[in-house]
Amino acid sequence: MNASSDANAPSSAPRPVTPMLFGFAAFASAALVFAVEPMITKLTLPLLGGSSAVWNTSLAFFQVALLAGYAYAHGLQKVGSVRLQTVLHGAVLIAGALVLPLHVSHVLGDPWPQRPALWLLAVLGVSIGLPFAALSATAPLIQAWYVRASLARGASGNPYVLYVASNLGSLLALLAYPIAIEPLARLGAQTLGWSIGYGMFVVLIAVISLVMWRSVAAQTPALKAKPPATRLAALARWWRRLLWVLLAAAPSSLMLGTTTYITTDIASAPFLWVAPLALYLITFIIAFQARPVIPPKIALVFQTAALLAALATWGMPIQWFWLQAALQLLSFFLTALVCHQALAARRPPPERLTEFYLLMSLGGVIGGAFNAFLAPVLFHNVVEYPIVMIAAGLARPWGRGWLGRSQIVLFTIAAAAVGGALAANHWMGPGLVMKLLFAAVLVCAFLLRERAVAFVVLCIALVVATQAVAQHEDVVRTDRSFFGVVRITQKQARGLGPTKLMAHGTTLHGAQAQDPASHCRPLVYYAPTTPIGQVFRAVQSQRPSVRIGAIGMGTGAIATYARPGDSLRFFEIDPLVVKLSTDPANFSYIKGCAQGSVDWVLGDARLTLNREPDNRFDILLVDAFSSDSVPTHLLTVEAMRGYLHKIRPDGVVIMHLSNRNLELTSPVAAVVKAAGGVALRQFYRPAPNAVDYIDSAEDAVIVGRDAKSLEAFLDDTRWRPAEPNGVTAWTDDYVNLMGALTRGFGHNYREAVQAAAEANAPHAAPGKAP
């Protein structure tokens, strides 16, 4: 009877709970978080362009939203009843669903040209802030609930195993987006799929809430950290909290700094931002493993070697740029791993878990904010990268007391070698002696790797010395804006003499000869021999005056084509480029060479061009694709239809598609066909041994409303029909950059061969069919 009554009575004993359910929830929440990051950022590109700064600013926002989520999770732990916690969190998740389906809110209007970063932060906050923060809060909440459920059944679950699952979900989602999600699904399907996934996750949390209700008694006490017993213990706790913040801030800053440094000073390539972020997540997975794949002592040895090599080559002339990029990524990975392993070694017991994640997230925000907001204002170059890299060198053993005798000898030898290297460079130039002395510095620093202060001092000396001997005399000025780093250099060009060049990151955006005899001659992509120059000469030969629109200002070389009676309007997104190109002290194409009227409009070209009257331009040059932060929203069917509306019935659109890594001609041909236009393409290659910068290799497509508008070029054998080659037309809803990158690997060689064959074809007269 008693047994029967006991069997039928409600049991107060907690039911067992499986860690698999909690692990899957941690995995799913992180996957949703990292899938939405590139998705929502891509939605903003039609408004802000494709600069890497857009990604850096977006990432800084996500870190702030993550901090907000962790703060909410930490506050929720103050609620004694875990059942009430599940109800409250479910309500927050449902509230986040009110802004779905995923979209960019337009309540703040168009981007603010002078404050694009502030506008982007505000728009992201309105569009995705609440659901992102709610998802971010789930990971620490799930871990805390798992501990509560484990304790209720008399077990002691390890919550940090769930943190590994969370980072694994983040990594897989991050890699899946460029490889599978973006190429296979249109943006509308992506946002709808993510919104459905969010709804399914809410259901999953409801299931976990039900499990918690059945597993944890209503009166189960909340996890509470024991207060420090003494004032000294309290100070030690605050010191540990500060270390959590600092050890999280350094890798976060380095992640953005590595991306910016590589794309600015080494090489720009699509999806390059994926590599540092993926490596960053992998370091978390390794650091929080029960048995790390790379033990901390081994990580420190390899990190020291990689860090010294990276610092020694920072700012040096780049020859094997992929090798240099790999070295910087390796140094970042190992440095982040050392920091995160030091962080994992200091992780607290479960009752302080949410506080740990909150302060770790605060460190991530500080590191990201430093790079995204302070560094562009404080520094003209990407010096935040080596500064933080050196500072992260402190995340190593400090040793006890003063340096030992052998360590003092090593430090003295290194200091003497630095001075000797500088002297050798001054008296003998950068030869073998100088290199051997620098090698001695590297060896001594490596041997002092477990004495943090001495190691960092030698790193600082190494960087200062290598920068002192580096050759920077050709740099006229360096400036930085939200959209990147712009350098003006002056070189002695063969056949032209002194020549100024403008580069945005690693991409050349124009040049101007300083010799008065050649001062107003357009160079590189805009020379009269290039496809762009050919179109300008052909159109102007038929009309006494023309109206020209140009998306992208560069050095303003196009202004040399503005004759008396012509008008030219630039559409430029970066105020810094306008400032530099319109100052005759830098380039005088616009204010010294143009004979017609020239003006400019600041802002994203899709928005500003849309405000122009239809049928306005005889020539519309779209010149924004030579770098690899490609504003793909200018390459879509919707954009092309806008271009065709803005040119006159017999006008021409010139698409300048030269790009080191992406094959853009095929998608543009498909876009033109879908937009109802007609297109011709030309792959121009200059003559061997041509004068430096006199012209440049160039891939271009010209577009008209119909074949008649391109009549002047149809008989020119240099121009061929542009074929889509089976590529799907890009739209505002679908872009396949991965496909363009894949084609680009083999495209450059094949097109160079084809261009050579076309150049050697017999002609009856220049530019005419035989």
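A few points on the structure. (Residues numbered from 1 in each chain as written. Predicted model: local features only at pLDDT ≥ 70, side-chain atom pairs only at ≥ 80, totals over all residues. Heavy atoms only, no water.)

Details of the state of the cysteines
Linking two cysteines covalently through their sulfur atoms gives a disulfide.
So, point 1. Overall, the coordinates contain one disulfide when judged by the stated rule.
So, point 2. Note that Cys 520 is cross-linked by a disulfide to Cys 593, the S-S spacing being 2.1 Å. An S-S torsion of about -80° defines the bridge between Cys 520 and Cys 593 as left-handed. In this pair, Cys 520 sits in the loop between β4 (507–513) and α17 (531–542) while Cys 593 sits in helix α19 (residues 589–593), placing the two residues 73 residues apart along the sequence. (Disulfide = S-S within 2.5 Å. Helix = DSSP H or I, 4+ residues; strand = E, 2+ residues; numbered from the N terminus.)

Thoughts on the sheet that holds strand β2 (residues 484–493)
So, point 1. Taken in spatial order, the four strands of this open sheet run β1-β2-β3-β4, and their pairing is antiparallel. On the outer flanks of this sheet lie β1 (475–481) and β4, each paired with one strand and no other. On average, each strand axis in the sheet is inclined to that of its neighbour by 20°, with strand direction left out of account. (Pairing = 2+ DSSP bridges. Axes fitted to C-alpha atoms, helices over the stretch in contact; angles between N-to-C directions.)

Brief notes about the sheet that holds strand β11 (residues 698–704)
So, point 1. Read across the sheet, eight strands follow the order β7-β6-β5-β8-β9-β11-β10-β12 without closing on themselves; strand pairing throughout is mixed. Strands with a single pairing partner mark the edges of an open sheet, and in this sheet they are β7 (597–602) and β12 (720–721).
So, point 2. Where strand β10 (residues 678–684) meets β11, seven bridges bridge the pair, whose relative direction is antiparallel. Within the sheet, the bridge partner assigned to Tyr 684 lies in β11 and is Glu 698.
So, point 3. Lying over the sheet, helix α21 (residues 637–646) contacts β5 (547–551), β8 (617–622), β9 (647–656) and β11, oriented at roughly 135° with respect to β9.
So, point 4. Along the sheet, helix α22 (residues 665–675) makes contact with β9, β10 and β11, crossing β10 at roughly 165°. (Contact = heavy atoms within 4.5 Å.)

A closer look at the pairing of β9
So, point 1. By the criterion of burial, β9 is predominantly enclosed, with seven of the ten residues buried.
So, point 2. Summarising the sheet, β9 and β11 pair through four bridges and their orientation is antiparallel. Bridge pairing in β11 links His 656 to Ala 700. (Buried < 20%, exposed > 50% of the residue type's maximum accessible area, 1.4 Å probe, protein only.)

As for helix α14 (residues 405–428)
So, point 1. Its 24 residues give α14 an end-to-end C-alpha distance of 33 Å, which sits within 8% of 34 Å, the value for a rise of 1.5 Å per residue.
So, point 2. All buried positions along α14 are accounted for by Leu 410, Ala 414, Ala 417, Val 418, Ala 421, Ala 424 and Asn 425.
So, point 3. Against the buried residues of α14 lie α15 (432–447) and α16 (452–469).
So, point 4. Immediately downstream of α14, the backbone of Gly 429 shows phi near 85°, a positive value. (Expected span 1.5 Å × (residues − 1).)

Just geometry here; none of it tells us what the structure is for.
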